[in-house]
Amino acid sequence: MYVPVGSIDKYKATKGWKEFVNIVEINPISDFTNNEATYVVEEGNTVSVSVIDQIDGHYEIPEIVNNNGVDYFVTAIADHAFENQTGLTAITIPATIASIGERAFAGCVNLNNIYSYAIKPAALGSSTSATRADGASSVFDQVNLSECVLSVPNGCVEAYQTAEGWKEFTHIVEMGSSHINGIITNDNAFDVYSISGCKVRTQTTTIEDLPKGVYIINGRKVVKRQ
């Protein structure tokens, strides 16, 4: 007789059911892989995600994955999920993500853009080993928090600016204002936008006369240090 996980003792102590000689737990649903990611099944139809292949460029975590005809909501990013993915330049975190494990993005030294669609900032690694010596979360250890742009849903900037771990980012902007696509250029001229999406200058041929800061030029983030 197959019974739910953790219920064997109750069945063995219950009249009638205890007469069965072989009472065993139902095998839990197995973890599974989907493309370059592996998913660990949690409670209900939810999973946590981590990657198993080397990533180059932008990676988008899905909201839902299907395995053998069953849909699972992706609600967590596992411990060490993207650790040391040096080729990762941008990550999209869906609205379904409620927690991110310790050192999930540690060592992602080229991570320049994070697009988090969660209205409520995901909880970051809560164990004592999830913090660095300076008290900051280890989730983004070695990510350049002063240059990486964190894009969040409209009206949610303040929530991220006050959330533990997330508040360490220097540039937290609303979706649609942190990156400008399709800027038209003529010859060597280009338009310059501020990090908030406001046009700073039109038809510029050099950035040498721009003040020090972070700009969006032809859809790419440019940091002028001097």
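Bear in mind that the values here come from a model prediction, so they are computed numbers and not experimental data. (Residues numbered from 1 in each chain as written. Predicted model: local features only at pLDDT ≥ 70, side-chain atom pairs only at ≥ 80, totals over all residues. Heavy atoms only, no water.)

**Digging into the side chain of Thr-92**
For the record, the criterion: Only runs of H or I of at least four residues qualify as helices and only runs of E of at least two qualify as strands under DSSP, and these elements are numbered from the N terminus. Burial classes: relative accessible area under 20% of the type maximum marks a residue as buried, over 50% as exposed, and values in between as partly exposed (1.4 Å probe, protein chains only). Distance and chemistry together define a polar contact, namely a pair of N or O atoms within 3.5 Å, with one atom able to donate a hydrogen and the other to accept it when in protein, and with adjacent residues in sequence counting only for side-chain atoms on both sides. In this analysis, two residues are considered to be in contact whenever any of their non-hydrogen atoms come within 4.5 Å of each other.
Checked against the element boundaries, Thr-92 lands in strand β9 (residues 88–93). According to the relative accessible area criterion, Thr-92 is buried, its value standing at 10%. Looking at Thr-92, its side chain comes within polar contact range of the side chain of His-58, at 2.8 Å. Excluding residues within four positions of it along the chain, Thr-92 makes contact with His-58, Tyr-59, Glu-60, Ile-61, Tyr-115 and Tyr-117.

**Quick look at the packing of aromatic side chains**
Two measures describe an aromatic ring pair: the distance that separates the ring centres and the angle between the ring planes. Threshold: Side-chain rings of Phe, Tyr and Trp, where Trp is taken by its six-membered ring, are said to pair if the distance between their centres is within 6.5 Å; with planes under 30 degrees apart they count as stacked, over 60 as edge-to-face, and otherwise as tilted.
On inspection of all chains with the given rule, the structure shows 9 aromatic pairs. Taken together, a centroid distance of 5.1 Å and an interplanar angle of 10° make the contact between Phe-82 and Phe-105 stacked. Of the two residues, Phe-82 is situated in the loop between β8 (70–77) and β9 and Phe-105 in the loop between β10 (99–100) and β11 (113–116); the sequence distance between them amounts to 23 residues. When sorted by exposure, Phe-82 lands in the same class as Phe-105, which is buried.

**A closer look at the sheet that holds β11**
Applied cut-off: Each pair of strands is called paired provided DSSP finds at least two bridges between the two strands. Fitting a line to C-alpha atoms yields each axis, with helices limited to the stretch in contact; the angle taken between N-to-C directions then spans 0 to 180 degrees.
Pairing is parallel in the open sheet, where 5 strands are placed in the order β6-β9-β11-β13-β14. In this open sheet, the two strands that pair with only one neighbour each are β6 (57–60) and β14 (171–174). Across this sheet, the average inter-strand angle for adjacent strands is 20°, counted without regard to direction. Pairing analysis gives 4 bridges linking strand β13 (residues 149–152) to β14, with the strands arranged parallel. For Ser-151, the partnering residue across the bridge sits in β14 and is Val-173.

**As for the confidence of the model for the chain**
Counted only if it meets this: Per-residue confidence from the predictor is reported as pLDDT, a score between 0 and 100.
Taken over all residues, the pLDDT of the chain has a mean of 78, while the share at 70 or more is 68%. Throughout residues 177–187 the model reports pLDDT below 50, and contacts reaching past four residues in sequence, or to other chains, amount to 22 contacts.

**Digging into the side chain of Asn-67**
Its place among the elements puts Asn-67 in strand β7 (residues 64–67). Non-local contacts of Asn-67, meaning those with residues more than four positions away in its chain, are made with Phe-32 and Tyr-72.

**Observations concerning the environment of Asn-35**
As for its placement among the helices and strands, Asn-35 is situated in the loop between β3 (32–34) and β4 (37–41). Overall, the relative accessible area of 68% leaves Asn-35 in the exposed class.

**Some words on the environment of Tyr-11**
With respect to the element layout, Tyr-11 can be found in helix α1 (residues 8–12). Tyr-11 gets classed as partly exposed once you look at its relative accessible area, which sits at 25%. Sequence separation between Tyr-11 and Ile-23 is 12 residues, and the spatial gap between their C-alpha atoms is 7.9 Å. Setting aside anything within four residues of it in sequence, one finds Tyr-11 in contact with Met-1, Val-3, Pro-4, Trp-17, Lys-18 and Ile-23.

**Thoughts on the pattern of salt bridges**
Any two side chains of opposite charge can pair, given that their charged atoms come close. What counts, and what does not: We define a salt bridge as a contact between a side-chain nitrogen of Lys or Arg and a carboxyl oxygen of Asp or Glu at a distance within 4 Å.
Across all of its chains, the model carries 3 salt bridges by this definition. Note that Arg-103 is salt-bridged to Asp-141, the shortest N-O span being 3.2 Å. Residue Arg-103 is found in the loop between β10 and β11, and its partner Asp-141 is found in the loop between β12 (123–124) and β13; the two are separated by 38 residues along the sequence. Residue class for Asp-141 comes out buried when judged on its relative accessible area of 16%. In this structure, Glu-164 and Lys-167 form a salt bridge, with 3.1 Å as the shortest nitrogen-oxygen distance. Residue class for Glu-164 comes out exposed when judged on its relative accessible area of 58%. Judged by its relative accessible area of 37%, Lys-167 is partly exposed. Salt bridges sharing common partners tie together Glu-83, Arg-103 and Asp-141.

**So, unusual backbone geometry**
Non-glycine residue Asn-84 carries a positive phi angle of around 65°. You can see Asn-84 is positioned in the loop between β8 and β9. Located in the positive-phi region is Arg-103, a residue other than glycine, with phi close to 55°.

**Some details on the nonpolar core**
Selection rule: Side-chain atoms within 4.5 Å are what join buried Ala, Val, Leu, Ile, Met, Phe, Trp, Tyr and Cys residues into a set we call a nonpolar core.
In this structure, Ile-77, Phe-82, Ile-100, Phe-105, Phe-140 and Trp-166 are the most contacted members of the largest nonpolar core, which totals 43 residues. When residues of this core are traced back to their parent elements, those giving at least two are β4, β5 (46–51), β8, β9, β13 and α2 (157–161). The contact partners of Ile-100, leaving out residues within four places of it in the chain, are Ile-77, Ile-93, Phe-105, Ala-122, Ala-123, Leu-124, Gly-125, Val-139 and Trp-166.

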